[in-house]
Amino acid sequence: MPEELLVEGGRDNEASGGIISKGTSSGEEGIEKPKKTSDVSVTITASNSATSVLEIADDVPTFKVLVVGNAGTGKTSLALRYVHKYKGITKPAVGYDFFLKSVKVGDKTVMKMELWDLPGSDRSALLTRTMYRKTDGVMIVFDITKRNTLADVLWWKEDINRKLIAMNKTVPFILVGNKCDLRKLNDESIEELRAYSTASGFDGFFLTSAKDNIEVSAAFDSLANMMLDRMVKAKIDQEIITLHKSRREFKFFCCW
């Protein structure tokens, strides 16, 4: 971990306002999702493989994203900024918050993202296998003005990985250093953080500000592309397996 990048200080920047649905730390069973939501659309620039989702998928897929990290890192503010363009001062969340957003490539909706904002104040009570069921992507957030929030990043990643591996599941992880409006990092420090992210097994790294709307959409859109690419690859792999199986059955039939 970079030694001299972070200093103590900063402000809490979590929220419970502007949410679609709210739950408790007992797991997904307690959630009552709205039957009809006023979700917001966003247009992303997807990779070539991601755009082929339109031909491969019969309907619009929904991906579950966990937004985790220590309390006060601004997780809820990031989600609110991405979904509702919210930029107000917020307070630490209690329980978990749920947000829904449509994602478009061009003018066509190709996916929906469920953002599960988990509070970081009581990690042991929250991190249950039930909460991680059907997870498709993870964003881990730290506060660049508080060194301890970066020190805990690997705890979050290892705990989530352990539970997902037990379910025979792997997902993309991105690391987000939030509140860059409060402290200016030099290029060397940024490169050290980027190298740390790569060495720690993250699939992407972003410096963001929920307050000033810096790189917030870029971080979520990057994760959206990663999940789309994985879905496409999985569907192509399944089609190849099905094709090989059909060929074997045809060959057996002809020989018989």
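Conventions we followed
Residues numbered from 1 in each chain as written. Predicted model: local features only at pLDDT ≥ 70, side-chain atom pairs only at ≥ 80, totals over all residues. Heavy atoms only, no water. Helix = DSSP H or I, 4+ residues; strand = E, 2+ residues; numbered from the N terminus. Buried < 20%, exposed > 50% of the residue type's maximum accessible area, 1.4 Å probe, protein only. Pairing = 2+ DSSP bridges. Right-handed = clockwise from strand over helix to strand, strands pointing away. Salt bridge = Lys/Arg side-chain N within 4 Å of Asp/Glu carboxyl O. Phe/Tyr/Trp six-rings, centres within 6.5 Å; stacked < 30°, edge-to-face > 60°. Polar contact = N/O pair within 3.5 Å; in protein donor to acceptor, adjacent residues only side chain to side chain.

Engineer: Explain the overall build of the protein chain to me, and be specific about the residues and the numbers.
Structural biologist: Looking only at helices and strands, the protein chain has nine helices and eight strands in total. With 256 residues in all, the protein chain has 48% of them scored as buried.

Engineer: Describe the pairing of strand β7 (residues 173-178), with residues and values.
Structural biologist: For β7, the tally of buried residues reaches six of six residues, placing the bulk of the element in the interior. Taken together, the six bridges between strand β6 (residues 135-143) and β7 define a ladder with parallel strand orientation. Bridge assignment links Asp-143 to a residue of β7, and that residue is Asn-178. Pairing geometry for β7 and strand β8 (residues 204-207), over four bridges, is parallel. Within β8, the position partnered with Gly-177 by the bridge is Leu-207. As a crossover connection, the stretch from β7 through helix α8 (residues 187-199) into β8 is right-handed.

Engineer: Any details on the pattern of salt bridges? Residues and values, ideally.
Structural biologist: Scanning the entire structure with this criterion turns up five salt bridges. Among the salt bridges present, the one from Arg-194 reaches Glu-191, with a minimum N-O distance of 3.7 Å. You can see Arg-194 and its partner Glu-191 sitting in helix α8, three residues apart, about one turn around the helix. Judged by its relative accessible area of 48%, Glu-191 is partly exposed.

Engineer: So what's going on with the pairing of strand β5 (residues 108-117)? Which residues, and what values?
Structural biologist: The side chains of a regular strand alternate, residue by residue, between the two faces of the sheet. The element β5 is extensively covered by neighbouring structure, given that seven of its ten residues are classed as buried. With six bridges connecting them, strand β3 (residues 62-69) and β5 associate as parallel partners. For Thr-62, the partnering residue across the bridge sits in β5 and is Lys-112.

Engineer: Summarise the packing of aromatic side chains; cite the residues concerned and give the values.
Structural biologist: Here the structure, examined in full by the defined rule, presents three aromatic pairs. Consider the rings of Tyr-82 and Phe-220, whose centres lie 4.4 Å apart with planes at 15 degrees: the pair is stacked. Taken as a pair, Tyr-82 in helix α3 (residues 75-84) and Phe-220 in helix α9 (residues 216-255) lie far apart in primary sequence, 138 residues in all. Note on accessibility: Tyr-82 and Phe-220 belong to one class, buried. An angle of 90 degrees between the planes, with centres 5.3 Å apart, marks the rings of Trp-155 and Trp-156 as edge-to-face. Judged by relative accessible area, which is 1%, Trp-156 ranks as buried.

Engineer: Summarise the side chain of Asn-70; cite the residues concerned and give the values.
Structural biologist: Looking at where Asn-70 falls in the secondary structure, it is placed in the loop between β3 and α3. Judged by its relative accessible area of 9%, Asn-70 is buried. A polar side-chain atom of Asn-70 sits 2.9 Å from a polar atom in the side chain of Trp-156.

Take it as geometry only, folks, not as evidence of what the structure does.
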